[in-house]
Amino acid sequence: PKSRRVGVTTLEQAMSFALCANRRGQYAVTLSDSREKTARIFEMATLFYDRLDPALRPKRKVESSKSLHFHDLGSQFFIGTAGSIAFGRGDTLQRVHGSEVAYWLANRRDKENEVEQLLAGLTEACSHGEVTLESTSNGNSGWWYEACTAAVSGSSEWSAIFVPWFKDLSLRLPLVE
């Protein structure tokens, strides 16, 4: 769980980009909750590429508006929208970042079951890698709420890390006496 605008998504994108742009045979995935957010996250990842020193920049095969494919390294960083419960099945992933998981598949009737199925495929594909899920709150029910509650109580395989807004000093005002 996190507050808004504390840089978790930016950090996750930087870590996935660095992995794929510097190592051979790496495959990282970020899934967002909406097409609009997916587009913004992809812009963030391409900004990392564009701002990289040209001498350090790996060759990019431009074939998709949703992935950074570093052909010479055989590495790929895909950014998409959570929607298919079969996504990730059969793949081998080194990093998975789930952004705004509390809002995934929001328009589906049986969304909790579908989120569980999607995450089962992603965590299996990334069984020897790293999976980070983050989201702002979406009420006190649903898959995300239950997963966070279980992680906090220690009755889950997930670890909970709360990032509160007040840790970011730029979001605080000095106390006026």
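For the structure, check the block above.
Here goes a summary of the coordinates provided. Source: prediction; values computed, not measured. Note that residues are indexed from 1 along each chain, following the sequence as it is written. Reporting of local features is limited, given that this is a predicted model, to residues whose pLDDT is at least 70; pairs of side-chain atoms are given and counted only at 80 or more, and all residues count toward the totals for whole chains, interfaces and linings. Hydrogens and water are ignored here; the side-chain numbers use all heavy atoms of the structure.

## What to know about the sheet that holds strand 5 (residues 130-134)
One bridge is not enough; two strands pair if DSSP finds at least two bridges between them. Segments assigned H or I by DSSP are reported as helices when at least four residues long, segments assigned E as strands when at least two residues long, and all are numbered from the N terminus. With mixed pairing, the five strands of this open sheet are ordered in space as 2-3-1-4-5. Each having just a single partner strand, strand 2 (67-70) and strand 5 make up the two edges of the open sheet. Averaged over all pairs of adjacent strands, the angle between strand axes in this sheet comes to 10°, irrespective of strand direction. Two strands pair when backbone bridges link them, and strand 1 (residues 27-32) and strand 4 (residues 95-99) are joined in this way by four bridges, in the parallel orientation. Bridging across to strand 4, Val 29 finds its partner in Val 96. Contact between two residues is taken to exist if any of their heavy atoms lie within 4.5 Å; hydrogens are not considered. All axes here are fitted lines through C-alpha atoms, helices being fitted over the stretch that makes contact, and every angle between N-to-C directions spans 0 to 180 degrees. Its contacts with the sheet put helix 2 (residues 35-51) on strand 1, strand 2, strand 3 (75-81) and strand 4, and the angle it makes with strand 3 is roughly 155°.

## As for the packing of aromatic side chains
Two aromatic rings from Phe, Tyr or Trp, using only the six-membered ring of Trp, form a pair when their centres are within 6.5 Å; if the ring planes differ by under 30 degrees the pair is stacked, by over 60 it is edge-to-face, and anything between is tilted. Throughout the structure, instances matching the rule amount to six aromatic pairs. On the numbers, 5.6 Å between centres and 25° between planes, the contact of Phe 78 with Phe 87 is stacked. Classification of Phe 78 by relative accessible area gives buried; the value is 18%. Seen in terms of ring centroids, Trp 165 and Phe 166 are 5.8 Å apart; in terms of plane orientation they differ by 85°. Their pairing is edge-to-face. Since its relative accessible area comes to 45%, Trp 165 is described here as partly exposed. Exposure classes here rest on a 1.4 Å probe applied to the protein chains alone. A residue is buried below 20% of its type maximum, exposed above 50%, and partly exposed in between. Exposure remark for Phe 166: the relative accessible area of 39% places this residue in the partly exposed category. Here the aromatic residues Phe 17, Phe 48, Tyr 49 and Phe 70 are joined through ring pairs into a cluster of three or more. Here, a charge over a ring is recorded when the distance from Lys NZ or Arg CZ to the ring centre is within 6 Å and its angle to the ring normal is within 35 degrees. Above the ring of Tyr 49, the side-chain terminus of Arg 57 is found at 5.3 Å from the ring centroid. Positioned above the aromatic ring of Tyr 49 is the side chain of Arg 60, whose terminal nitrogen or guanidinium carbon lies 5.9 Å from the ring centre.

## Observations concerning the nonpolar core
Definition used in this section: a nonpolar core is a set of buried Ala, Val, Leu, Ile, Met, Phe, Trp, Tyr and Cys residues joined via side-chain atoms within 4.5 Å. By size, the foremost hydrophobic cluster in this structure holds 21 residues, and its most contacted members are Leu 31, Leu 93, Trp 104, Leu 119, Leu 122, Trp 143 and Trp 144. Elements represented by at least two residues in this core include exactly strand 1, helix 3 (111-125) and helix 4 (143-153). The next biggest cluster of nonpolar side chains, apart from the first, holds 13 residues, and it includes Phe 17, Cys 20, Ala 28 and Phe 77.

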